[in-house]
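Descriptive analysis of the structure
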Amino acid sequence: MVTIAAFSIFLPLAGAFITAFLAKAAPRAAELLGKAVLAAGLVLTAKVASNLGAWDLWGLSQAILIPTGVGIPPFSIDLVVTAGASLVAVVIYGVALLSLGRIVGEGGQKRLPLSLSLVTASLGLLYATDLFNSFVFLEIGSIVTIGLAASRGGPRRWEAAVKLALISGLVTILFLIVVALVYRSTGELRLVALGRTGGLVAVVTSVLMLAIIMAETKAFPLLGWGVDYYHGIWPPFAALYSGTWSLAMLLWGVKVLPLLPVAQDPRIYAWLGAGGLVASQVAGLRQRSPSRPLGYSTSAFASLLLLLVAFVYDPDQLLRLAVLLFGGQALAKFGLFMLAGREAHGDRWEKAGARWRVLLVFALIGLPPFPVFWAKFELLSEMARFWPAMLGPVLLGLFLEAVYVLRFWAQRSGGEPEGDALWPSRLGVLGLLAGGYLAARFMWPDMSWSMPAYLPPFMSLIFGVMFVAGAVAVLPGALLRWRQDAGHGLWLGLAAVSLLGIFFATSGLSLYVAWEISAFASVMAVSKGGFRGRGSAFWFAAFAAFSGYLVLGAVLLSGGSIRGLGLFPAVLLIALAVVVKLGQAGAHLWSVRAYRSAPGTVSAFLAGVSSKGVIYLLMLGLVGLVGLPGKDHNLGLILAWIGVFTALGGAILASLSGTPKKLLAYSSVSQLGYVLVGLGLMTPLGWTAAVYHTVHHFLFKTVLFLGIAGVLYRTGGRFFTDLGGLIKKMPFTFLFTLIAVISYAGVPPLAGFGGKWLLYQGLLDAGRLPLAAVAMCASVVAFLYSFRLLHGVFLGQLSSKNKSVREAPLALILPQFVLVCGIFVMSFRPTLFLERLLPEMTQLFGWPMSLKGFSINGFSVLGPFGHWNAWAVGMMVFLLFGVAFVFYWVSGPKPKHVGQLDIGYSGELPPSPEEVHFSFEFYRHYERALVFLPSWGAERIFAWFVSLVNGAGDLTRILVSGDGRTYLIHIVLFVVCGFMLLWGMP
Amino acid sequence: MSLSLVLLLSSMGLLLTGLVGIMAKKHLLRIALAFTLASTGVNILLVWTGYLAGRKAPIIDASIEEIATVAVVDPVPQALVLTSIVIGVAVSALLVVVAVLTSRELGTADVRRMRNLKW
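Residues numbered from 1 in each chain as written. Chains lettered and ligands numbered in written order. Predicted model: local features only at pLDDT ≥ 70, side-chain atom pairs only at ≥ 80, totals over all residues.

1. Some details on the overall build of chain A
- Of regular secondary structure, chain A possesses 36 helices and five strands.
- Its C-alpha atoms give chain A a radius of gyration of 32 Å, near enough to 30 Å, the size a compact globule of 986 residues would have.
- Here chain A, with 986 residues, has 61% of them falling under the buried criterion.
- Considering only contacts within chain A whose residues lie at least 6 apart along the sequence, 79% involve residues at least 24 apart. (Helix = DSSP H or I, 4+ residues; strand = E, 2+ residues; numbered from the N terminus. Rg over C-alpha atoms; globule rule 2.2 N^0.38 Å. Buried ≥ 20, exposed ≤ 12 C-beta atoms within 10 Å, placed from the backbone. Contact = placed C-beta atoms within 7 Å.)

The following block contains the structure:
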């Protein structure tokens, strides 16, 4: 085995010498030889890894020793192959093999020796256990990477090569100083000798080594050259570089950093890592060109290296996390760089396979099931255990990284690259999935799903039924476009399944996994929307990432159990995540864009079904506060106020919307506000009202979005001005929409009335009169948009474009019918729900006093402030409606039908056709009254906030000045400052 | 003044001169030269680590084989320096090549003017 391992290191070196001679004489043979060498190396390292038992990720610090110098340890110079390093070696070989075809390309065989030497240098660094071997391989690597950078690409490659050369030169000098000092003071050259130094030498060694590692791994503040390097070099080189040398360097850091004397105080690494993460990533947000963000992302992983060493001490765990974290990011970056078009130079990636790119982006920011996800989770868990306060900056930094990497996906869209260029990236994705599988198998004991037991059974059942029924209701509609675009149906299906994952999750990790998959599957489904789909999906993704990291924070603080979500700090994060995810308090910026752009069925799923998963999570958190005096009260009250103001604001914005989908989106935001009000009351009645309204919202919102999906499917018009008068063309859609609208307007006899009645009872019962007053106002405004929706789409004059429109397809109509039946059941037999829900809530809160005078008697609900017999009310309304209808039919004036063109202009010049449409600026008079609102608008506040963050990013970017000498000065300054700070520390 | 001190002082002098040159000079070739100075300084530092007063070069032949452990200086730093010099030559050569090619491509050898990649 030692022979195999030794062979796997030096094989590429031999290959480099031979190909150097062959390259001119027999270029094809040289290329074949290079590929054969790399393939053989891949097999050999995989063999070494399996001999060391590395594939199950247990015991990764197990090692074999390859003696390379004379003598016996500790005097000999040895290479040590740990099981973890052998896994990384597999990645290095794989990356080198997959990128070789593109790097060599047409007539580039002279680059073969460089690629092969880089593999040897990387492996050497990976296995080196003494300072001098490290130095030798470091130098080989530097020389090769400078040569590679200069050998192909645009004019910027010279700048990149010069900057790398400057940094490498300085690092060499610093490294040799360390070697001299360590040898002089300990008489040894092994890496472990670093820790045996004392006094002044220990301080100098620590600072110099820290500077070397941080500069080479591109950690903040020494990141400038690295970002420029990634930006300047030819993308396939960047792919090779990040998958081999950069990866080996990170692993070398994992080996060296814990040995430094400064490691005795892990707070230093923690501060450097966390601070650097935030500072570098805020600058990453400012990036617009595609290669540069990936450079900044590398810097994020360098900061994670420092954090890893600060928080993880078990050598097995350290290696496992390092392999997953850095191996995963290396493969993802490799895949992304390989996607760059053949002629791309930094700023332009003309052709890039978007489909593969998004998976690689997800792998890079660490979404399940990719390896980076599992490693980040485990690292952050350690952090939560030892120093929870550190989670704040670290999660913020990771979020910032996610934003700009996601934007990288959203902005640069394009066709597929040339056929052969896709394969390396595809295989990279496969490699990532395989790594994710290994990690998931390792983490499996921490994940569990079973019947939910944390919320009352009937309530859980209601949510479970909603998730299943919602998925069943929207999927037929998604299949309508199967032939044109199967993608959004598949993503929708995944989102629906993962919603059940949230429902059945019984451990924190499984909950978070399901949450993230659900969110990002929905993002992908939204991105398939025709109208600005990708851009809206980016907004969605950014907000989803934000709420995702909040949920992660909550899960980490809860100690990994669902029950722990009720601990106060955790529930605070959950509440914030839910506010964002439900589009409350200004976070509607994402939801309105997403609902507007998504394919119709996806909007229906998001608004109708997916949002219920969010509410379910909030209940999981809030339920832990039940019975705690004081705090629950305040948090709930804040939630209630947020909810009620969002209900009002959302209703106003819905009324002023110009497209039906936007109107429904705002109305969704508004309606979910009521749910927050109910839950925030933290009383049995409030929760009952909230659950009742949740079910009701599920029913009517799904009907409405499916109805509009049908209208848009048939007419293709997005604006109210394209629609109108469809009542006769789409009678069933109209009927179902009408029922849903009446229901949510909250007028008798349909279910919305019951929901509001319960809510007001709850508000009054809890003595929250101001809340009740604002909620009433919001309900009144809801009439405005209810009418607008019905009128704009179905009433008025039929546009001449829509003369030949047919009824919506059955796949959309049938689910609406079933859901409308549900509305009727809720409307006329609410007691079916309430008679089980109320006792459960009373029991949950252990607080029957508040239900004084509240009882259910047959069809009637008796409350402290009145009683409600849904059946009787319903019959009464139908009777009155019938009488009025007959009276109007018999005695009223006969209607006159007018066409869209029956308009007199009185000699005036007619304005554009949309402006004479009846629906154009329907509520302009209200808009004028509310003219002060836009200046308070969420868009404006958000833009201001973004400019603030960008300003912070610019502060950091001063460091990345582009001047190579400045980068050298940074290193020297870092050393001087570090020396001054550490000098005198014990 | 002992030889050890001379070695140490000269290495420090070369090192500092080199480092200042690296940061202060603008022309790529001058920077390359400064690197060479600094690496020479470091090499002397390495020699200093293994220097033992009054001993001979670690070339062990029949005449001193018996008393090698007390007669010669520590051979390890010497081996290090040898390797370091070889690598230094390679790096310097590469630096000069890069400097020449860069100035040919970009029309300047002034580092301050290579700032197209930034922020």
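2. Some details on the overall build of chain B
- For chain B, the count of helices and strands is four helices and zero strands.
- In chain B, the succession of α and β elements from N to C terminus is α-α-α-α.
- Computed over its C-alpha atoms, the radius of gyration of chain B comes to 19 Å, more than 25% above the 14 Å expected for a compact globule of 119 residues.
- Taken over the C-alpha atoms alone, chain B extends approximately 65 × 30 × 20 Å along its principal axes.
- Of all 119 residues assigned to chain B, the portion counted as buried reaches 33%.

3. Some details on the interface of chain A and chain B
- Between chain A and chain B, the residue contacts involve 39 residues of the former and 34 residues of the latter.
- The set of elements that each furnish at least two residues to the side of chain A that touches chain B consists of helix 5 (131–151), helix 6 (156–186), helix 8 (224–232) and helix 36 (964–982) of chain A.
- No other element matches helix 6 of chain A, which puts 18 residues into the side of chain A that touches chain B.
- Here the residues of the side of chain A that touches chain B are counted per class, giving 23 nonpolar, seven polar and nine charged. (Nonpolar A, V, L, I, M, F, W, Y, C, P; charged D, E, K, R; others polar.)

4. As for the sheet that holds strand 4 (residues 860–863) of chain A
Residue and element names in this part refer to chain A.
- Taken together, the three strands give an open sheet; going across it, the order is 3-4-5, and neighbouring strands pair in antiparallel fashion. The open sheet has two free edges, formed respectively by strand 3 (855–857) and strand 5 (866–869), since each of these has just one partner strand. Shown here is a sheet whose adjacent strand axes are inclined to one another by a mean of 20 degrees, direction ignored.
- Bridging between strand 3 and strand 4 involves three bridges; their strand directions are antiparallel. Considered in strand 4, the bridge of S855 is made with L862.
- Across the sheet, helix 32 (residues 831–845) touches strand 3 and strand 4, and the angle it forms with strand 3 is around 140 degrees. (Pairing = 2+ DSSP bridges. Axes fitted to C-alpha atoms, helices over the stretch in contact; angles between N-to-C directions.)

5. A closer look at the domain arrangement of chain A
- Partitioning chain A into structural domains gives domain 1 (2–444), domain 2 (447–626) and domain 3 (642–723 + 736–809 + 821–891 + 912–936).
- Between domain 1 of chain A and domain 3 of chain A, the C-alpha centre-to-centre distance is 55 Å. (Domains from an automatic or database assignment.)

6. Regarding the packing of helix 28 (residues 731–745) of chain A against helix 31 (residues 810–828) of chain A
Residue and element names in this part refer to chain A.
- At a minimum axis distance of 10 Å, the contact between helix 28 and helix 31 shows a crossing angle of 30 degrees. In terms of orientation, helix 28 lies roughly parallel with respect to helix 31. Crossing of helix 28 against helix 31: the hand is left-handed. The residues of helix 31 that touch helix 28, namely those facing F732, T733, F736, I739, A740 and S743, are I813, Q816, F817, V820 and I823. (Parallel < 35°, antiparallel > 145°, perpendicular 65-115°, else oblique. Left-handed = near helix turned anticlockwise from the far one by under 90°.)

7. Quick notes on the environment of L37 of chain B
All names here are of chain B.
- Summarising the element assignment, L37 is placed in helix 2 (residues 28–50).
- On the basis of neighbour count, L37 is assigned to the partly exposed category, with 19 C-beta atoms found within 10 Å.
- Residues L37 and W48 lie eleven residues apart in sequence; the distance between their C-alpha atoms is 17 Å.
- Contacts of L37, omitting those with residues within four sequence positions, involve L14, T17, G18 and G21.

8. Observations regarding the confidence of the model for chain A
- Model confidence for chain A is summarised by a mean pLDDT of 87, while 94% of its residues fall at 70 or above.
- Across residues 343–348 of chain A, where pLDDT falls below 50, the model places 13 contacts with residues more than four positions away in sequence or in other chains. (pLDDT = per-residue confidence, 0-100.)

9. Quick notes on unusual backbone geometry
All names here are of chain A.
- The linkage connecting F220 with the following residue, P221, adopts the cis geometry, with an omega of 5 degrees.
- A cis amide bond links P368 with the next residue in sequence, P369, at an omega value of 5 degrees.
- Its location among the elements puts P369 in the loop between helix 14 (354–365) and helix 15 (371–386).
- In the Ramachandran plot, L57 falls in the positive-phi region, its phi being about 65 degrees despite a non-glycine side chain.
- Relative to the helices and strands, L57 is located in the loop between helix 2 (27–51) and strand 1 (63–67).
- What makes L57 buried here is the crowd of 24 C-beta atoms within 10 Å.

10. Some words on the nonpolar core
- By size, the foremost hydrophobic cluster in this structure holds 408 residues, and its most contacted members are I92, V179, L251, L308, L406 and I574 of chain A.
- By residue number, the principal contributor to this core is helix 6 of chain A, which donates 21 residues.
- Beyond its immediate sequence surroundings of up to four residues, V179 of chain A is in contact with L131, F132 and F135 of chain A together with L46 and L80 of chain B. (Core = buried A, V, L, I, M, F, W, Y, C linked by C-beta atoms within 7 Å.)

11. Looking at helix 2 of chain A
Residues and elements named next belong to chain A.
- For helix 2, built from 25 residues, the straight-helix expectation of 36 Å at 1.5 Å per residue is met to within 8% by its first-to-last C-alpha distance of 36 Å.
- Within helix 2, the full set of buried residues consists of A30, E31, G34, V37, L38, G41, L42, L44, T45, V48 and A49.
- Looking at the buried positions of helix 2, the neighbouring elements they touch are helix 1 (2–25), strand 2 (78–82), helix 3 (83–104) and helix 4 (112–127). (Expected span 1.5 Å × (residues − 1).)

12. With respect to the pairing of strand 4 of chain A
Residues and elements named next belong to chain A.
- Residues of strand 4 alternate between two faces, with V861 and G863 buried on one and S860 and L862 left unburied on the opposite face.
- In this structure, strand 4 lies alongside strand 5, joined through four bridges in antiparallel fashion. Bridged to V861 within strand 5 is W868.

13. Concerning the confidence of the model for chain B
Residue and element names in this part refer to chain B.
- Chain-level statistics for chain B give a pLDDT mean of 86 and a share of 99% at 70 or above.
- When mean pLDDT is compared element by element in chain B, helix 1 (residues 3–24) scores highest at 92, while helix 3 (residues 68–71) scores lowest at 72.
- Two numbers describe this predicted complex: its pTM, 0.92, and its ipTM, 0.95.

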